[in-house]
Amino acid sequence: MSFKIITKNLNLWYGGFHALKNINSGFEANRITAIIGPSGCGKSTMLRVFNRMNDLIDGVRTQGEVLIDRVNILDSGVDLVALRKKVGMVFQRPNPFPLSIYENIIFGEKIHGEHIIRDKLDEIVEKSLKDVLLWDELKDKLNEPALRLSLEQKQRLCIARLIAIRPDVLLMDEPCSTLDPQATARVEELMRELKNKYTIIIVTHNMQQAARVSDDTGFMLLGELVEFGRTDQVFKAPLDQRTEDYITGRYG
Amino acid sequence: MERHVDQELKELKEDILKMGALAEEAIFKSVEALKNRDREMAKSVIDHDVAIDKLELDVDEKCIDLIARYQPMARDLRFITTGMKINAELERIADIAVDIAQRTLELVDKPILKPLIDIPKLTTIAQNMVKMSIDAFVKGDILLAKKVLLSDSEANQFRDVIQRELIEDYMVKDASTAPRAVQLLLIARFLERICDHATNIAEDVIYMVQAEVVRHHPEKLK
């Protein structure tokens, strides 16, 4: 079993609020792991630890270790730009830049890379759009504004924009919550395709989505990782009563 | 916290309990008809099967409806899927009672072959196993379910004793007894099949309660 990400005694505080409590977990490569739990349980906070997005918030304090490819990314010397290139994030609402479709995809490459020739950029755009199954739809509209796309296309474009800079890990925070059921199904299908190349961690309120799309599931409650296991086991026969109560709607 | 689905799950449980009661009644009446050579009672078992078939369809529909509307998880999911399987087992048990009633109709007009001793005993075992398995389902009682599993070998032994007696003491010695002996032999076989269905129910209950598949895994019962 190869763990892409390992957390060891991970604790996080927002000021005096203890948001993550001693989390020990292992996320396997090339699998989709869903993190579920009620609002405020710490699931988005945990996701944001993996590319140190929480650093942007005042008063955050972190303890413990988060190893990605055996490197502790919480170390002070870690290059955050390189980390966020390696560990990309997709947000709840798709957030394309007010640029063309083409410019959106090469944006990261232009920032990270230097003097990349046009042919190479074209290649990146084509490959990234093919990876998110948008190429056929958009290949003749690459110079049109990305903001004109449908919500689903925007979300796919944001994933393409991430892929363009060749990350290893994709973090997805409620990536389908603004999409209709058909678009959700297509994005889920895309996730299944992408897991062959990436390690995917998705935070979702939608338990059916977690059950459908993920290989592993973690249940969080009040900052604790209560249960972590294979998705079929967690949804058919959870080991912890609190997980049982949450997934059967008895919690609260 | 009482959920909306809880009321519907309770109703499902009551329906399955009703299926169980009807199946038990069908077994009882089919063998009573045999013992008392009661043609009308045997016919009533056959006629009443339509109601059991209808209830089976209703229960099935209810389970599918619950899955479609609530997308149940964990113990709710195990309860509903187990309920569906138990429902099918009970319908099969009722069908077997019909088979017994049909054999009985073949026998009522013919001279008595032998006093019935072991068939009623096997019937009692079958009825108890069905009753216990349904009780285990309703109460989620693993120990009771395991007790059902242990009873199955006793049922097999009775069937073997009945078969041996009918073949060796009757069919071999006097071929003219064969038509009647075969009917009784079939009835013993049917009763033993009922015990097998009760065993299946008990195995399903164990899965429902502790999410462990014991069917085809006898080592897990030790």
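Above this text is the structure in question.
Calculation rules
- Residues numbered from 1 in each chain as written.
- Chains lettered and ligands numbered in written order.
- Predicted model: local features only at pLDDT ≥ 70, side-chain atom pairs only at ≥ 80, totals over all residues.
- Helix = DSSP H or I, 4+ residues; strand = E, 2+ residues; numbered from the N terminus.
- Buried ≥ 20, exposed ≤ 12 C-beta atoms within 10 Å, placed from the backbone.
- Pairing = 2+ DSSP bridges.
- Axes fitted to C-alpha atoms, helices over the stretch in contact; angles between N-to-C directions.
- Expected span 1.5 Å × (residues − 1).
- Contact = placed C-beta atoms within 7 Å.
- Nonpolar A, V, L, I, M, F, W, Y, C, P; charged D, E, K, R; others polar.

(A) View of unusual backbone geometry. Despite not being glycine, Glu-174 of chain A has its phi angle at roughly 50°, a positive value. For Glu-174 of chain A, the position within the fold is in the loop between strand S7 (169–173) and helix H7 (181–194). By the C-beta count within 10 Å, which is 19 here, Glu-174 of chain A ends up partly exposed. The backbone of Ala-211 of chain B shows a phi angle near 55°, a positive value even though the residue is not glycine.

(B) Local environment of the sheet that holds strand S6 (residues 87–90) of chain A. Residues and elements named next belong to chain A. Strand order in the open sheet made by the six strands is S6-S7-S8-S3-S9-S10, with mixed pairing throughout. Of all strands in the sheet, those with a lone pairing partner are S6 and strand S10 (224–230), marking the two edges. This sheet shows a mean twist of 20° between the axes of neighbouring strands, independent of strand direction. When strand S9 (residues 216–221) meets S10, the two strands line up antiparallel, connected through six bridges. Following the sheet pairing, Asp-216 is matched in S10 by Arg-230.

(C) Molecular detail of helix H2 (residues 39–70) of chain B. All names here are of chain B. The terminal C-alpha atoms of H2, which comprises 32 residues, lie 47 Å apart, in line with the 46 Å expected from a rise of 1.5 Å per residue. Within H2, burial applies to Met-41, Ala-42, Val-45, Ile-52, Leu-55, Glu-56, Val-59, Lys-62, Cys-63 and Leu-66. Looking at the packing, one finds that the buried side of H2 touches helix H1 (4–36) and helix H3 (74–107). Backbone geometry just downstream of H2 places Gln-71 in the positive-phi region, at approximately 40°.

(D) Summary view of the interface of chain A and chain B. The partner chain B presents ten residues to the twelve residues of chain A that form the contact. Listed by contribution, the elements that provide at least two residues to the side of chain A that touches chain B are helix H8 (207–213), helix H9 (231–236) and helix H10 (241–247) of chain A. Taken together, the residues of the side of chain A that touches chain B break down into five nonpolar, four polar and three charged.

(E) Representation of the sheet that holds strand S5 (residues 71–72) of chain A. All names here are of chain A. Within the open sheet, the four strands sit side by side as S2-S1-S4-S5. Their pairing is antiparallel. Since the sheet does not close on itself, it has two edges, and those belong to strand S2 (17–28) and S5, each with one partner. One ladder, built from eight bridges, connects strand S1 (residues 3–14) with S2; its direction is antiparallel. Its bridge partner being in S2, Leu-12 is matched across the sheet by Leu-20.

(F) A look at the environment of Lys-85 of chain A. Residue and element names in this part refer to chain A. Looking at where Lys-85 falls in the secondary structure, it is placed in helix H2 (residues 80–86). Among the residues examined, Lys-85 registers 18 C-beta atoms within 10 Å and is labelled partly exposed. Sequence separation between Lys-85 and Ile-163 is 78 residues; the distance between their C-alpha atoms is 9.5 Å. Contacts of Lys-85, omitting those with residues within four sequence positions, involve His-112, Ile-165 and Pro-167.

(G) Highlighting the environment of Ile-6 of chain A. Residues and elements named next belong to chain A. Within the secondary structure, Ile-6 sits in strand S1. A tally of 17 C-beta atoms within 10 Å means that Ile-6 is categorised as partly exposed. Filtering out sequence-adjacent residues up to four positions away, Ile-6 remains in contact with Gly-26 and Leu-67.

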